[in-house]
Amino acid sequence: MDKLISLAAALKAGKVGNPEAIEAFAEDGTVQISESVSGPDLLLFYHAYTGVIALDGVTGSLAAVLGQVVAWLTANGEKNDVIVGWSGEPVDRNRSDMEIRLSLEEEAHYVPAEPGYAGRDKITWHGADYKLGGLAASVATALDAAGDGVTASVVQT
């Protein structure tokens, strides 16, 4: 659930509210085993899930918060990564509590593990040891709400 974790971190950095009041969790998910498992970078499975970002005491307008989420999805998501809904209620004139639900998809890639590797992510596939890894995606590390625009700061990992 790297996308969900990365989005929550970007929202915390974007100062939409108190970072301690922003939580991320998954409600449900499905796994689809890859039909083609070969090569040094194994794409073992895909997983799709509903992620929830809960914001307590978020500042600014709903449009500003959703704008930051859309900017992050545009910079980091795939075509099937979408906002499926939101709910919320005002706390006072300047703050509100809200939840944003997202449909996210990720791939699980494995790479050869070094000899003696014993991490929790180690699997044995056709007699060889592998660990989670693979092709790294671009990950937004911050969202900047400046003036009328919202921009995503992106770093290659």
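Remember, it's a predicted structure, so these values are computed and weren't measured experimentally.

A.B. asks: Outline unusual backbone geometry, listing residues and values.
C.D. replies: Positioned with a positive phi, His 126 is a non-glycine residue whose angle comes to about 50°. Relative to the helices and strands, His 126 is located in the loop between strand E5 (123-125) and strand E6 (128-132).

A.B. asks: Kindly report on the packing of helix H1 (residues 2-13) against helix H2 (residues 62-76), identifying the contributing residues and their values.
C.D. replies: One can describe the packing of H1 onto H2 by two numbers: an axis separation of 10 Å at closest approach and a directional angle of 135°. Judged on the interaxial angle alone, H2 and H1 are oblique. Every pair of crossing elements has a handedness; the one defined by H1 and H2 is right-handed. In contact with Lys 3, Ser 6, Leu 7, Ala 10 and Leu 11 of H1, H2 contributes Gln 68, Val 69, Trp 72 and Asn 76.

A.B. asks: Requested: an account of the side chain of His 109, with residues and values cited.
C.D. replies: As for its position among the elements, His 109 is in strand E4 (residues 95-112). Within the structure, His 109 has its side chain in polar contact with the side chain of Glu 107 (distance 2.7 Å).

A.B. asks: Requested: an account of H2, with residues and values cited.
C.D. replies: Helix length check: H2 (15 residues) gives 21 Å between terminal C-alpha atoms against 21 Å at 1.5 Å per residue, within 8%. Taken as a whole, H2 has its buried residues at Val 65, Leu 66, Gln 68, Val 69, Ala 71, Trp 72, Leu 73 and Asn 76.

A.B. asks: Give me the lowdown on the nonpolar core, citing residues and values where you can.
C.D. replies: The biggest cluster of nonpolar side chains holds 20 residues, and the ones touching the most others in it are Ile 53, Leu 55, Ile 100 and Leu 102. For this core, the secondary structure elements donating two or more residues are H1, strand E2 (42-59), H2 and E4. Beyond its immediate chain neighbours, meaning those up to four positions away, Leu 102 contacts Leu 7, Tyr 49, Thr 50, Gly 51, Ile 53, Val 69, Leu 73, Val 82, Ile 83 and Val 84. Judged by nonpolar contacts, the second largest core, of five residues, contains Leu 42, Leu 44, Tyr 110 and Tyr 130.

Cut-off values and rules
In this numbering scheme, every chain counts its residues from 1 along its sequence in written order. Only residues with pLDDT of 70 or above have their local features reported here, since the model is predicted, and side-chain atom pairs are shown and tallied only from 80 upward, although totals for entire chains, interfaces and linings are computed over all residues. The basis for every side-chain value is the complete set of non-hydrogen atoms in the structure, without hydrogens or water. Per the convention used, a helix needs a DSSP run of H or I reaching at least four residues, while a strand needs a run of E reaching at least two, with both numbered from the N terminus. Here the axes come from fitting lines to C-alpha atoms, over the contacting stretch only for helices, and the angles between their N-to-C directions go from 0 to 180 degrees. The scheme is simple: roughly parallel for angles under 35 degrees, roughly antiparallel for over 145, roughly perpendicular for 65 to 115, oblique for anything else. Helix crossings are classified by the rotation of the near helix relative to the far one: an anticlockwise turn of less than a right angle makes the crossing left-handed, while a clockwise turn makes it right-handed. The criterion used for residue contact is that any of the two residues' heavy atoms lie within 4.5 Å. Two N or O atoms form a polar contact when they lie within 3.5 Å of each other; inside protein one atom must be a possible hydrogen donor and the other a possible acceptor, and for residues adjacent in sequence the pair counts only when both atoms belong to side chains. How far a helix is expected to stretch is found by multiplying one less than its residue total by 1.5 Å. Note on exposure labels: buried denotes an accessible area under 20% of the residue type's maximum, exposed denotes more than 50%, and partly exposed covers the range between, all computed with a 1.4 Å probe on protein chains only. In this description, a nonpolar core means a group of buried Ala, Val, Leu, Ile, Met, Phe, Trp, Tyr and Cys residues linked to one another through side-chain atoms lying within 4.5 Å.

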